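Letter by letter, the chains look like this.
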Amino acid sequence: MATWKMISFQDAVSPIMEQLIMFHDHTMMILIMITTTVIYMMVSLMMSKINNRMLLEGQMIELIWTIMPALLLIIIALPSLKILYMLDEMNKPLITLKAIGHQWFWSYEYSDFKKIEFESYMKQVNDINNNEFRLLEVDNRITLPFNVKSRILVTSYDVIHSWTIPALGIKIDASPGRINQGSIFMMRPGLFFGQCSEICGANHSFMPIMLESIDMKSFMNWIKKF
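As recorded by an unreviewed UniProt entry, the protein chain carries the name Cytochrome c oxidase subunit 2 and is attributed to Nephotettix cincticeps. Turning to the protein chain, the UniProt annotation filed under Catalytic activity (unreviewed entry) states: "4 Fe(II)-[cytochrome c] + O2 + 8 H(+)(in) = 4 Fe(III)-[cytochrome c] + 2 H2O + 4 H(+)(out)". In its Subcellular location (unreviewed entry) section, UniProt records this for the protein chain: "Mitochondrion inner membrane".

**Q** I tried to follow the domain arrangement of the protein chain on my own but got confused; where do I start?
**A** It is common to give the size of an interface as the accessible area that goes away when the parts come together. When the domains of the protein chain are assigned, the result is domain 1 (15–88) and domain 2 (95–225). With six residues of domain 1 at the contact, the number on the domain 2 side is seven residues. Across the interface of domain 1 and domain 2, roughly 460 Å² is buried in total on both sides, 58% from carbon and sulfur atoms. On the surface where domain 1 and domain 2 come into contact, there are zero salt bridges. Class assignment for the residues of the side of domain 1 that touches domain 2 results in five nonpolar, no polar and one charged.

**Q** Quick question: what am I supposed to make of helix H1 (residues 15–47) here?
**A** With 33 residues, H1 extends 48 Å between its outermost C-alpha atoms, agreeing within 8% with the 48 Å of an ideal straight helix rising 1.5 Å per residue. Among the residues of H1, Ile16, Met17, Ile21, Thr27 and Ile30 are the ones counted as buried. Elements in contact with the buried residues of H1: helix H2 (59–88).

**Q** How should the pattern of salt bridges be read in this particular structure?
**A** Between side chains of opposite charge, a pair can form as their charged atoms come close. On inspection of all chains with the given rule, the structure shows two salt bridges. A salt bridge links Lys123 to Glu132, with the nearest nitrogen and oxygen atoms 3.1 Å apart. With a closest N to O distance of 3.4 Å, Arg141 and Glu212 form a salt bridge. Placement of the pair is Arg141 in the loop between strand E3 (117–120) and strand E4 (142–145) and Glu212 in strand E10 (residues 208–214), with a sequence separation of 71 residues. Owing to a relative accessible area of 28%, Arg141 belongs among the partly exposed residues under this scheme.

Conventions used here
Residues numbered from 1 in each chain as written. Predicted model: local features only at pLDDT ≥ 70, side-chain atom pairs only at ≥ 80, totals over all residues. Heavy atoms only, no water. UniProt positions renumbered as here; feature names shortened; annotations may be inferred. Domains from an automatic or database assignment. Contact = heavy atoms within 4.5 Å. Buried area = accessible area lost by both parts, 1.4 Å probe. Salt bridge = Lys/Arg side-chain N within 4 Å of Asp/Glu carboxyl O. Nonpolar A, V, L, I, M, F, W, Y, C, P; charged D, E, K, R; others polar. Helix = DSSP H or I, 4+ residues; strand = E, 2+ residues; numbered from the N terminus. Expected span 1.5 Å × (residues − 1). Buried < 20%, exposed > 50% of the residue type's maximum accessible area, 1.4 Å probe, protein only.

Now the structure itself:
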């Protein structure tokens, strides 16, 4: 989860998030290289007293600074397109979870099982324990098994919401009258937190998301409780 003064990404839990972090580092490396080169050229021009009043054109340098940006854009675009494809890929999910946004809470349905649906509200400050996080804890958390391909269907009952868990690299808009889908694949157990990432009203920041990743045996025992 995010902590104070944290300027990096949260630890990746899914292969998608790992790819997103690698793409971010790849792009930042290119940006730093371009910025350093431009700053060096600007400082050199300001500090140097050497000039050539007869220089009217330089076709070679014009050719270079036309081709180089195109090549850099291709280097950035290719991994970006790969990640976009991975985000939309849906290959035989084992479990389907449906998330519905309301003002201002989430409700969930496990479509593969009968009558498993519940609402998830943020815990009030008076109800949280010493080992729980303020504004992030919910009364009914989502539970999914790790190392299992899952699908999430996201929609909204009233206004536009956004179902987001940064550690999973997943962010899906919840629009009224429309169902958007995404894939979830967690590589380890744990608790992962998120919040609505769309300005959906006065209590927009008070509808957190809490996902618990457990093994398949524990998940089946959890299902049987319903």
